[in-house]
Each structure stands twice: as C-alpha cells, then as structure tokens.
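# Fold and contact review
Spelled out, the chains give:
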Amino acid sequence: MMMIGEAVSVLRRSQSGIDEMGDPIFEWTGESVQNVLVRPLSGSDMSDQLHPSGVKMEYSLAFPKSYTAGCGPLRGARVALVERGMDGSDADKALRIVGSPDVTRPCPTEWDMIAMAGRADG
C-alpha cells in the first residue's frame, strides 16, 4: 500500500515595513508543500491541557524529505490544510506549529520531519 499525502500551505511572518508610529508592520507569506501526511490526534494522543504557548494540539504533520523549509524553520509558522478547505493565505485561521519539529535522520520512510499543530482559540 502506498501512502499519499496532501497539499498544505506553510505561512511565515516577516516584517514588511514600519508604520507612522515607528512600529513594525508584519505580513504573512505562504508556501505550498505537497505530500504532507496529516493525522488528526485522537483522545489517546492529546489531552485537554493546552501547550504552554496556549495552543491546543490537534494534528500531527509529517513533512516529506523533499521539503527543505524554503523560507526558514517551521518554528513560529502556521499551516493551512488546503485540501481540507482551509484558505492557504489566511494566517488567522491556519493552525499554529507548536515548538520545533522532530527530524529523524536517518529515516527509512519518505517523511522525516514531524510537526505538531493546533489552534489558539480564545
């Protein structure tokens, strides 16, 4: 049996300027990533407790070896599950990556980086 992942959009924040008060202006830019394994976490995988960052972890995302994090590391990024109906450019509704992904090397499968993601509602 062959596993096939789905397309997601990885969104990263960068400073795009400074406003009239001297405060930085930020914008989100998206990068399409193909073949990501998306696994919803079940009751035994997650608890009702929030991660210290205030994010309730809901998904495990396995990124393929071919993904080299084109715009930088995933820490602080957001992910939109495009094939599940999320807007690939809407950072406010995208899932937040929690902490730093776990990279396995050497890895016998096509996916070597696991990231946890969830929402920070409230």
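Just above, that's the structure.
This structure is a prediction, so every number in the text was calculated from the model and none was measured.

### Considering the overall build of the chain
On a plain count of helices and strands, the chain comes out with 0 helices and 6 strands. Put simply, the chain runs from its N terminus to its C terminus through helices and strands in the order β-β-β-β-β-β. The burial tally for the chain puts 34% of its 122 residues in the buried class. For the chain, contacts bridging at least 24 residues in sequence account for 58% of all contacts bridging at least 6. Counting every atom, the chain has about 7,600 Å² of accessible surface; 51% of that belongs to carbon and sulfur.

### A short note on the packing of aromatic side chains
Scanning all chains against the criterion turns up 1 aromatic pair. Over the face of the ring belonging to Phe26 we find Arg13, whose NZ or CZ atom lies 3.7 Å from the ring centre.

### Concerning the environment of Ser16
With respect to the helices, strands and loops of the structure, Ser16 is situated in strand β1 (residues 6-18). Taking the C-alpha atoms as reference points, Ser16 and Trp28, separated by 12 residues in sequence, lie 9.3 Å from one another. Not counting residues within four places of it along the chain, the set of residues in contact with Ser16 comprises Ile25, Phe26 and Glu27.

Cut-offs applied
Each chain carries its own residue numbering, running from 1 in the written order of its sequence. Residues qualify for local features only when their pLDDT is at least 70, as the model is predicted, and side-chain atom pairs are given and counted only at 80 or more; totals for whole chains, interfaces and linings, by contrast, use all residues. Side-chain descriptors were evaluated using all non-hydrogen atoms of the structure, hydrogens and water having been removed beforehand. Helix and strand labels come from DSSP, where a helix needs a run of H or I of at least four residues and a strand needs a run of E of at least two; each type is numbered from the N terminus. Working definition: with a 1.4 Å probe on protein chains only, accessible area under 20% of the residue-type maximum means buried, over 50% means exposed, and in between means partly exposed. The criterion used for residue contact is that any of the two residues' heavy atoms lie within 4.5 Å. Here the accessible surface of atoms and residues is derived via Shrake-Rupley with a 1.4 Å probe, and residues count as covered only by protein chains that are part of the display. Here a Phe, Tyr or Trp ring, Trp counted by its six-membered ring, pairs with any other such ring whose centre lies within 6.5 Å, and the pair is stacked when the planes are under 30 degrees apart, edge-to-face when over 60, and tilted otherwise. Whether a charge lies above a ring is judged from NZ of Lys or CZ of Arg, which has to be within 6 Å of the ring centre and within 35 degrees of the ring normal.

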